Amino acid sequence: MKISKIEIENFLSYYDRNELNFDEGTTLIIGQNNTGKSKLFDAFNWVLYDQVFDTKEEKSVFTKESKGGFINNY
């Protein structure tokens with residue numbers, strides 16, 4: 001599977017609509033702490049496997065088993 005673009009809207013630390021385009025080749029996601037790198041991974045995990053990371057339980061859980069909190073209301 002080749003992912004060329006992802007759009008995230010109101011998911012965890014992402015608010016409003018965000019679009020990330022991936023060019024040819026390998027893509028590295030780098031940045032300072034608390035800039036959304038792990039939340040981007042969570043978005044992929046949610047779409048591909050219907051799971052979110054529960055920080056209180058410190059494990060991935062299926063969306064229907066989660067206590068919510070992954071939709072950003074800002």
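Just above sits the structure.
Every chain's residues receive numbers from 1 upward, in the order its sequence appears when written. In keeping with the predicted nature of the model, local features appear solely for residues at pLDDT of at least 70, side-chain atom pairs appear and are counted solely at 80 or more, and the whole-chain, interface and lining totals rest on all residues. In computing side-chain values, all of the structure's heavy atoms are included and hydrogens and water are not.

1. Some thoughts on the overall build of the protein
Working step 1: Helix and strand content of the protein: one helix and four strands.
Working step 2: Walking the protein from its N terminus toward its C terminus, one meets helices and strands in the order β-β-α-β-β.
Working step 3: Across the 74 residues that make up the protein, the buried fraction comes to 24%.
Working step 4: Considering only contacts in the protein between residues 6 or more positions apart, those separated by 24 or more positions represent 35%.
Working step 5: Residue exposure ignores everything except the shown protein chains as possible cover, and the areas themselves are Shrake-Rupley values with a 1.4 Å probe. Put simply, the protein shows about 6,200 Å² of open surface, and 49% of that area lies on carbon and sulfur atoms. Under the scheme used here, helices are H or I runs from DSSP no shorter than 4 residues and strands are E runs no shorter than 2 residues, and both carry numbers assigned from the N terminus. Classification of residues uses two cut-offs on accessible area relative to the type maximum, computed with a 1.4 Å probe and protein chains only: under 20% is buried, over 50% is exposed, and between them is partly exposed. The contact rule is simple, with two residues in contact once any of their heavy atoms fall within 4.5 Å.

2. Focus: the pattern of salt bridges
Working step 1: Basic side-chain nitrogens of Lys or Arg form a salt bridge, by our definition, when they fall within 4 Å of a carboxyl oxygen of Asp or Glu. Per the stated rule, a full pass over the model turns up five salt bridges.
Working step 2: Arg-17 is the partner of Glu-7 in a salt bridge, and the nearest nitrogen-oxygen pair spans 3.1 Å. A residue pair is termed long-range when its members are at least 10 positions apart, and Glu-7 in strand β1 (residues 5-11) and Arg-17 in strand β2 (residues 14-21) qualify at ten residues.
Working step 3: Take Glu-7: its relative accessible area is 43%, and that puts it in the partly exposed class.
Working step 4: Given the relative accessible area of 49%, Arg-17 is considered partly exposed.
Working step 5: Residue Glu-19 pairs with Arg-17 through a salt bridge whose shortest N-O separation is 3.1 Å.
Working step 6: Salt bridges linked by common partners bring Lys-5, Glu-7, Arg-17 and Glu-19 together as one network.

3. Quick word on unusual backbone geometry
Working step 1: In the Ramachandran plot, Asn-10 falls in the positive-phi region, its phi being about 55 degrees despite a non-glycine side chain.
Working step 2: Tracing the backbone through its elements, the reader meets Asn-10 in strand β1.
Working step 3: The class of Asn-10 is partly exposed, set by a relative accessible area of 22%.

4. A few points about the nonpolar core
Working step 1: Nine residue types can take part in a nonpolar core, namely buried Ala, Val, Leu, Ile, Met, Phe, Trp, Tyr and Cys, and a core is a set of them joined through side-chain atoms within 4.5 Å. Judged by nonpolar contacts, Ile-6, Ile-8, Phe-11, Tyr-14, Phe-22, Leu-40 and Ala-43 together constitute the single largest core of seven residues.
Working step 2: Of all the secondary structure elements, the ones that give two or more residues to this core are β1 and α1 (37-49).
Working step 3: Ranked by residues supplied to this core, first place goes to β1 with three residues.

5. Brief notes about α1
Working step 1: Multiplying 1.5 Å by the helix residue count minus one yields the expected span of that helix. With 13 residues, α1 ought to run about 18 Å at 1.5 Å a step, and its terminal C-alpha atoms sit 18 Å apart, in line with that.
Working step 2: Buried residues of α1: Leu-40, Asp-42, Ala-43 and Asn-45, and no others.
Working step 3: Looking at the packing, one finds that the buried side of α1 touches β1, β2, β3 (51-54) and β4 (59-62).

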